[in-house]
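Structure assessment
Listed below, chain by chain, are the residues.
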2 protein chains.
Amino acid sequence: MREAFQGELARLGTALRDMALFAADAMRDATTALLTADLDLAQQVLGRDARLDVLRDESEEQAHTLLALQAPVAGDLRVVLAAVHCAEKLERMGDLAAHVAGTTRIAHPGRVVPAELEDSFVELGKITTGMADRVAEFITEPAEGVFPDLERTDESVDEVHARVLARITGPEWSHGAASASTLALVARFYERFGDQAVSVARRVEYAATGSLPRG
Amino acid sequence: MREAFQGELARLGTALRDMALFAADAMRDATTALLTADLDLAQQVLGRDARLDVLRDESEEQAHTLLALQAPVAGDLRVVLAAVHCAEKLERMGDLAAHVAGTTRIAHPGRVVPAELEDSFVELGKITTGMADRVAEFITEPAEGVFPDLERTDESVDEVHARVLARITGPEWSHGAASASTLALVARFYERFGDQAVSVARRVEYAATGSLPRG
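Small disclaimer: the values here were computed from a predicted structure and weren't measured.

Criteria and thresholds
Residues numbered from 1 in each chain as written. Chains lettered and ligands numbered in written order. Predicted model: local features only at pLDDT ≥ 70, side-chain atom pairs only at ≥ 80, totals over all residues. Heavy atoms only, no water. Least-squares fit on C-alpha atoms with pLDDT ≥ 70 in both. Contact = heavy atoms within 4.5 Å. Axes fitted to C-alpha atoms, helices over the stretch in contact; angles between N-to-C directions. Helix = DSSP H or I, 4+ residues; strand = E, 2+ residues; numbered from the N terminus. Parallel < 35°, antiparallel > 145°, perpendicular 65-115°, else oblique. Nonpolar A, V, L, I, M, F, W, Y, C, P; charged D, E, K, R; others polar. Salt bridge = Lys/Arg side-chain N within 4 Å of Asp/Glu carboxyl O. Buried < 20%, exposed > 50% of the residue type's maximum accessible area, 1.4 Å probe, protein only. Core = buried A, V, L, I, M, F, W, Y, C linked by side-chain atoms within 4.5 Å. pLDDT = per-residue confidence, 0-100. UniProt positions renumbered as here; feature names shortened; annotations may be inferred.

**Some points on the relation of the copies chain A and chain B**
With an RMSD of 0.0 Å, the fit of chain A onto chain B corresponds to turning through 180° and sliding 0.0 Å along the axis. The superposition of one copy onto the other is thereby described by a two-fold rotation axis. An overlap of 100% is found between the interface residues of chain A and their copies at the interface of chain B, pointing to a shared contact surface.

Written as C-alpha cells, this is what we have:
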C-alpha cells in the first residue's frame with residue numbers, strides 16, 4: 001500500500017512538472033510571438049492552452065483518487081493537497097501566457113511593444129520562463145534555497161514591471177493611451193505569471209518541509 | 001462519526017460563506033472609496049485584507065483536519081476538496097478589492113475615474129459585489145439555477161469591462177496615457193473578481209451535483 005502510494009505520488013509530481021514545463025514553453029513562445037508580431041506562433045500558444053486544462057483535470061483526478069483510496073495523513077496528505085493547489089496555479093500560468101498571445105493576435109499585423117520597451121519585455125519573458133523552468137525542477141526535486149531564490153527572482157520581475165509602468169505613464173510617452181493601456185495589461189500578465197510561479201514553489205516548499213513560508 | 005463529519009462540514013461552509021461576504025464588503029467599500037476618492041475607506045479595505053488570508057488558512061486547516069481524521073470518500077471528499085479551492089479563490093477576490101483600494105490610495109487626492117466613466121464603475125462595483133453576495137448564499141444553500149445565473153451575470157461584467165476598454169483606447173479619450181493604463185488595470189480587477197466568483201460557484205455546483213460545469 002505504502003509503496004503503491006509513493007508510486008502514485010511520484011506520478012502526480014511528474015504530471016505537475018510537465019505542467020510547469022508546458023507553462024514555461026507557452027510563455028516563451030508567447031513572448032517571441034509578442035516581440036516579432038508572429039501571428040502563427042501566437043495562435044499555436046492559444047491552441048495549446050486547452051491541453052493545460054486537461055492536465056490540471058487529470059492531476060486533480062489523480063489527487064482525488066489518492067485521497068479516496070489511500071486516505072493519507074500528515075506529510076503525505078500535505079503533499080497531495082499541495083499538488084491540488086499547484087495544478088490550479090500552473091493552469092493559470094498557461095492562461096496568462098495565452099493572454100499575452102491573445103494580445104499579439106488582436107494587434108496583428110501591428111506590434112504591441114514599441115522599440116523602446118522591447119528590452120524590458122525580452123527581460124520579462126526571460127525571467128518568468130526561467131522561473132517556470134526552475135519550478136518544474138523544484139517540483140520533482142525539492143532542494144533547500146530554491147524557494148527564497150525564486151522569491152528574489154520575482155522581485156526582479158516586479159522591478160522590470162514597475163519600470164515598464166513608469167515608462168508608459170511618464171511624461172515622455174509618445175504612443176498614446178491605447179498602447180499604454182494594452183502594455184499595462186501585458187506587463188501585468190508577466191507579473192502575475194511570476195507571482196504564480198512563486199506561489200507554486202511555496203506550496204512545494206510547504207509539502208517538503210511542513211511549514212508554509214509567507215510571501 | 002458521520003454526524004460529526006456533517007457538523008464539521010457545515011462549519012467549513014459557514015466559514016466560506018463568511019469569506020464571500022467579506023469579499024463582497026471589501027469590493028463594495030473599495031468601489032465607494034474609488035469613486036469618492038476616500039482615502040480613509042481605501043486604507044480600511046487594505047487593512048482588513050489580511051483577515052481574509054487568516055480565514056483562508058483556517059478553512060484550509062479545517063479541510064486538512066477533516067481529511068486526516070475522517071478520510072471521506074465520494075461526495076464528501078468532493079465537498080472538502082471544493083472547499084479548499086473556494087477558500088483560495090475567495091481570498092483572491094479580497095486581493096482584487098484591495099488592489100482597487102490601493103489604486104485609490106496611490107491616486108489620492110486625485111481621482112482615478114473621470115466623470116464620463118463613473119457610471120461604468122458604479123455598475124462594475126454593483127454587479128460584482130452582487131455576485132459575491134449571491135455566491136455567499138449559494139455556498140450554504142446550493143440551489144439549482146444559481147450557477148448558470150452567475151455565469152450570465154458575469155457576461156454583463158465582461159460587457160461593461162469591454163465598454164470601459166473601448167472608451168479608454170478610443171479616439172476621443174482625453175485623459176492621457178497614464179489615466180488610461182490605470183483604468184485598464186482597475187477595470188481588470190473587477191473583471192477578475194467576477195471570474196473568481198463564477199469559479200467559486202462552479203466548485204460549489206460540482207460539490208453539490210458531482211459534475212463539474214465547464215465555463
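**Here's the deal with the packing of helix α5 (residues 146-168) of chain A against helix α6 (residues 176-209) of chain A**
In a packed pair of helices, the relevant descriptors are the angle between the two axes and the axis-to-axis distance. All names here are of chain A. At their nearest, the axes of α5 and α6 sit 10 Å apart, and the two run at 170° to each other. The pairing of α5 with α6 is recorded here as roughly antiparallel in orientation. Tallied by class, the residues present in the contact of α5 with α6 amount to 13 nonpolar, two polar and eight charged.

**Thoughts on the pattern of salt bridges**
Per the counting criterion, the structure on display carries 36 salt bridges over all chains. Put simply, B:Asp18 and B:Arg17 hold a salt bridge, and the shortest N to O gap is 3.2 Å. Owing to a relative accessible area of 34%, B:Asp18 belongs among the partly exposed residues under this scheme. Through salt bridges with shared partners, a single network forms among A:Arg56, A:Asp57, A:Glu60, A:Glu88, A:Glu91, B:Lys89 and B:Arg203.

**Focus on the nonpolar core**
By size, the foremost hydrophobic cluster in this structure holds 142 residues, and its most contacted members are A:Leu90, A:Phe121, B:Leu90 and B:Phe121. Apart from the residues within four sequence positions on either side, A:Phe121 is in contact with A:Thr31, A:Leu34, A:Leu35, A:Val113, A:Val164, A:Leu183, A:Val186, A:Ala187 and A:Tyr190.

**A look at the side chain of B:Ser120**
Residue and element names in this part refer to chain B. Residue position: Ser 120 is located in helix α4 (residues 115-140). Residue classification places Ser 120 among the buried residues on the basis of a relative accessible area of 8%. Once residues within four sequence positions are removed from consideration, Ser 120 is found in contact with Val 160, Arg 163 and Val 164.

**Considering the confidence of the model for chain A**
Taken residue by residue, chain A gives an average pLDDT of 95. The fraction at 70 or more is 98%. No element of chain A has a lower mean pLDDT than helix α1 (residues 2-36) of chain A, which averages 95, and none a higher one than helix α4 (residues 115-140) of chain A, which averages 98.

**A short note on the environment of A:Val157**
Residue and element names in this part refer to chain A. Residue placement: Val 157 occurs in helix α5. On the accessibility criterion, Val 157 (0% relative accessible area) is buried. Remark: the alpha-carbon pair of Val 157 and Gln 43, spanning 114 residues in sequence, is separated by 26 Å.

**As for the UniProt feature "domain: PhoU" (unreviewed entry) in chain A**
Residue and element names in this part refer to chain A. The feature "domain: PhoU" (unreviewed entry), as given by UniProt, occupies residues 16-101 and 122-204 in the numbering adopted here. What you have in residues 16-101 is 94% helix and 0% strand, and the ends, taken at the C-alpha atoms, are 23 Å apart. Split by type, residues 122-204 is 86% helix and 0% strand. Its first and last C-alpha atoms lie 28 Å apart.

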